[in-house]
Amino acid sequence: MSPPALLAIAALATGRLQQLAIGVLVCVVIAAFLSVAFSNPFAQMLVFSLCIGLSCQLMIDGGLRLVTRWLQRRQPEGRALRGDWPGWRWTLPIILGGSWAGIQVGYPLASWLLGLPVRSPGLDKPRVLFVVLTISILTAVGFIAFTLSRARLAASEARAQAALRAAAENRLKLLEAQLEPHMLFNTLANLRVLIALDSPRAQAMLDHLIAFLRATLDASRAGLHPLEAEFDRLADYLALMAVRMGPRLAVEFDLPVELRGVPVPPLLLQPLVENSIRHGLEPKIEGGRIVVRAVHDGAHLVLTVRDSGVGLGRQASAAGTRFGLEQVHQRLAALYGNAASLVLQACADGGTEARISLPLGGAP
């Protein structure tokens, strides 16, 4: 049996046990009330209350399920009963009939368990019949109303959660849609400068750009992709940058084999690498090195982008780093909430390190 089927059975069993527990609790309360009101032993009242109450609950619940299934078969194709129950027009007669049947079953059962010669109340005992039937009907109506209110509240919460998830997904798509042209515009600006200085290298850079965009635009349409694919896209992007920067750019990747299949958002690290080049290495005459690393830290995946550039304190325009970092912050918040983080810090030996921590299990 599949895990979803087992979960569904477990949820159904839990719901039945909750209904039974509530039914037993109500029977105990009724027994205490009757014991005080009629000066009868509590133990005797409890046996009668449990036998009659649970019998009524069984009869009413079974009747409602049978009628609901019958009505569902009669519904037009593609439609369902509202709230998955038959409505009060059917429920009230079922409560009346189920209460009567439960009394007729529960009374003799309690009498047999207690060894008392007590017959089920009928028209020959109108007062007893009225009291027991009234208590059974009122309890059943209250129980069903309570169950329906809980079901409606759960459905309302489920709709609210679905709306929140949809809003987060739409917000995430908007952030990704903003990020792609931002990366493209920056690359085209670099290409424009290179055209004026070295047209053969500009042509080679354009070839790399075309290949990079073909791979990246396809990957960015997915909600998540393997970490190995993220590193591959970074390698494509840095190869593109190497055409322009030449020997001034050195690159190092560190991706353990066991982390290659971990799902991550597309284009998560690319803004950090772009910041490292634009604000860390380019202002430095001799250039420098970028190290992109993935490590397993408990229940989290830690991704770092470290450069040997000019460092945070000496960057010409700290404001220019805000867009990419803000996009990464917002995407992490939309996907993981408070379970993920992004920290930008200066390195002790110079340069800057951007550190992302996110749950290894992927987005919730």
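Residues numbered from 1 in each chain as written. Predicted model: local features only at pLDDT ≥ 70, side-chain atom pairs only at ≥ 80, totals over all residues. Heavy atoms only, no water.

1. What about the pairing of strand S7 (residues 352-359)?
Of all 8 residues that make up S7, 7 are buried, and the element is covered over most of its length. Here strand S5 (residues 300-307) runs beside S7; their pairing, made up of 8 bridges, is antiparallel. Paired with Asp307 across the two strands is Thr352, which belongs to S7. In terms of strand pairing, strand S6 (residues 341-346) meets S7 through 6 bridges, oriented antiparallel. Opposite Leu342, over in S7, you have Ile356 as the bridge partner. (Buried < 20%, exposed > 50% of the residue type's maximum accessible area, 1.4 Å probe, protein only. Helix = DSSP H or I, 4+ residues; strand = E, 2+ residues; numbered from the N terminus. Pairing = 2+ DSSP bridges.)

2. Describing the environment of Ala32
Within the element layout of this structure, Ala32 appears in helix H1 (residues 3-38). By relative accessible area, Ala32 is classed as partly exposed at 33%. Counting along the chain gives 13 residues from Ala32 to Met45, while the straight-line C-alpha distance between them is 7.5 Å.

3. Quick look at the side chain of Ser49
Locating Ser49 in the fold gives a position in helix H2 (residues 42-74). Among the residues examined, Ser49 registers a relative accessible area of 8% and is labelled buried. Discounting chain neighbours no more than four positions away, the residues touching Ser49 are Cys27, Ile30, Ala31 and Leu54. (Contact = heavy atoms within 4.5 Å.)

4. Focus on the packing of aromatic side chains
For the coordinates displayed, the defined rule picks out 3 aromatic pairs. Here Trp70 and Trp90 contribute two aromatic rings whose centre-to-centre distance is 5.7 Å and whose plane-to-plane angle is 70°, an arrangement assigned as edge-to-face. Separated by 20 residues along the polypeptide, Trp70 in helix H2 and Trp90 in helix H3 (residues 88-114) bring together distant segments of the chain. The exposure class of Trp70 is partly exposed, given its relative accessible area of 37%. (Phe/Tyr/Trp six-rings, centres within 6.5 Å; stacked < 30°, edge-to-face > 60°.)

5. Describing the state of the cysteines
Taken as a whole and judged by the stated rule, the model has 0 disulfides. Free cysteine Cys51: the closest other cysteine sulfur is in Cys27, separated by 9.1 Å. You can see Cys56 has no disulfide; the closest cysteine sulfur is in Cys27, sitting 8.6 Å from it. Classification of Cys56 by relative accessible area gives buried; the value is 5%. (Disulfide = S-S within 2.5 Å.)

6. Digging into the pattern of salt bridges
Within the structure shown, the criterion is met by 6 salt bridges. Between Glu252 and Arg293 there is a salt bridge, and its shortest N-O distance comes to 3.9 Å. With Glu252 in strand S2 (residues 249-254) and Arg293 in strand S4 (residues 288-297), the pair connects residues that are 41 residues apart, well separated along the chain. Glu252 gets classed as partly exposed once you look at its relative accessible area, which sits at 31%. Overall, the relative accessible area of 29% leaves Arg293 in the partly exposed class. Arg306 is the salt-bridge partner of Glu353, the closest N and O atoms lying 3.9 Å from each other. In this pair, Glu353 is assigned in strand S7 and Arg306 in strand S5, connecting sequence segments 47 residues apart. Look at Glu353 and you get buried, because its relative accessible area is 12%. (Salt bridge = Lys/Arg side-chain N within 4 Å of Asp/Glu carboxyl O.)

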